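# Coordinate inspection notes
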Amino acid sequence: MDDLDLLAAARAAAANAYAPYSGFAVGAAVRTRSGRIHTGTNMENASYGLSLCAEAAALACAVAEGDFQVVAIAVVGGRRDTSGGLIAGGPVTPCGRCRQLLKEAADAAGGDIRVLAANADLTEVLETTVSALLPHGFGPKDLGLG
Ligand code: THU
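Residues numbered from 1 in each chain as written. Predicted model: local features only at pLDDT ≥ 70, side-chain atom pairs only at ≥ 80, totals over all residues. Heavy atoms only, no water.

### Some points on the overall build of the protein chain
Definition in use: Going along the chain from the N terminus, every DSSP run of H or I of four or more residues is numbered as a helix, and every run of E of two or more is numbered as a strand. The globule rule used for comparison is 2.2 Å times the number of residues to the exponent 0.38, while the radius of gyration itself is calculated over C-alpha atoms. The contact rule is simple, with two residues in contact once any of their heavy atoms fall within 4.5 Å. Methods summary: accessible areas were calculated by the Shrake-Rupley approach with a probe of 1.4 Å, and residue burial reflects only the protein chains presented. Within this scheme the basic residues Lys and Arg register as positive and the acidic residues Asp and Glu register as negative, but His and the chain ends are omitted. Each charge is placed at NZ for Lys, CZ for Arg, CG for Asp and CD for Glu.
Each helix and strand counted, the protein chain has four helices and five strands in total. Ordered by position from N to C terminus, the α and β elements of the protein chain give α-β-β-α-β-α-β-β-α. Scaling as 2.2 N^0.38, a compact globule of 146 residues should have a C-alpha radius of gyration of about 15 Å, and the protein chain matches this with 15 Å. A separation of at least 24 residues holds for 64% of the contacts in the protein chain among residues at least 6 apart in sequence. Here the protein chain displays about 7400 Å² of accessible surface, and carbon together with sulfur accounts for 56% of that area. Side chains of the protein chain give 11 positive and 15 negative charges; the mean places of these two sets differ by 2 Å.

### Re the pairing of strand E2 (residues 37-41)
Short version of the rule: When DSSP finds at least two bridges between two strands, those strands are taken to pair.
Direction of pairing for strand E1 (residues 24-32) relative to E2: antiparallel, over a ladder of five bridges. Among the inter-strand pairings, glycine 27 is bridged to a residue of E2, identified as threonine 41. Counting the residues in the hairpin turn of E1 and E2 gives four residues, including glycine 35, whose phi is positive at 95°.

### Some words on the packing of helix H2 (residues 54-64) against helix H3 (residues 96-109)
Between two packed helices, both the angle of their axes relative to each other and the distance between the axes serve to describe the pair. Going by this rule: Axis lines are fitted through C-alpha atoms, for helices just across the contact stretch, and the angle between N-to-C directions can take any value from 0 to 180 degrees. Any angle between 65 and 115 degrees counts as roughly perpendicular, while under 35 counts as roughly parallel, over 145 as roughly antiparallel, and the rest as oblique. By definition, any crossing whose near helix is turned counterclockwise from its far helix by less than a right angle is left-handed, and any crossing with a clockwise turn is right-handed. Residue type decides the class: Asp, Glu, Lys and Arg count as charged, Ala, Val, Leu, Ile, Met, Phe, Trp, Tyr, Cys and Pro as nonpolar, and the leftover types, Gly among them, as polar.
As a packed pair, H2 and H3 sit with axes 9 Å apart at the nearest point and diverge in direction by 25°. Judged by the angle between their axes, H2 and H3 are roughly parallel. Crossing handedness for the pair H2 and H3: left-handed. In this structure, H2 uses Glu55, Ala56 and Leu59 to contact H3, whose residues at the interface are Arg97, Cys98, Leu101, Leu102 and Ala105. Grouping the constituent residues of the contact of H2 with H3 by class yields six nonpolar, no polar and two charged.

### A word on the nonpolar core
Note the threshold: By nonpolar core we mean a set of buried residues, namely Ala, Val, Leu, Ile, Met, Phe, Trp, Tyr and Cys, connected to one another through side-chain atoms within 4.5 Å. In this scheme, a residue with accessible area under 20% of its type's maximum is buried, one over 50% is exposed, and one in between is partly exposed, where area comes from a 1.4 Å probe on protein chains only.
Ranked by internal contacts, the top residues of the largest apolar core, which has 18 residues, are Val30, Leu59, Ile73 and Ile113. Of all the secondary structure elements, the ones that give two or more residues to this core are E1, H2, strand E3 (70-79), H3 and helix H4 (130-133). Ranked by residue count, the leading element in this core is H2, at four residues. When residues no more than four places from it in sequence are discounted, the contact partners of leucine 59 are Val30, Phe68, Val70, Leu101, Leu102 and Ala105. Counting 10 residues, the second-largest nonpolar core is a separate cluster that includes Leu6, Ala72, Val76 and Ala118.

Here it is in structure tokens:
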């Protein structure tokens, strides 16, 4: 039930994606140890390389709320059809940069983070962890911290 809430929050955020260039809408929702949920969506830019991912936006929202003990994240997305709805393709897994951002969040919380990667209509949900998505990752320990 908790996971369904998290997936639903991510899907709701995806509906608001600002993705006029790729037409690919992504929503992310993080759950923290407090039980709260923070959401984010992708925000593109005419200077394509400046586009922000949904996961990064959700993590930044958690930080801004002073609630950065992330235990789980749901990522949901798909291509937009001509009427603005989302096409159900495969599960959307975090990009490489977002995996690194998620590793930082996991290390900051002193644990691993469950990742629920889903397609647009939630008929396919891939469940994994940040440590599985980014094995041998670089983190605070490599800097002698944490
Ligand atoms: N995108 C995300 O927001 N998260 C991901 O994990 C994969 C990709 C966004 C970035 C860009 O706005 C669009 O999806 C197409 O790559």
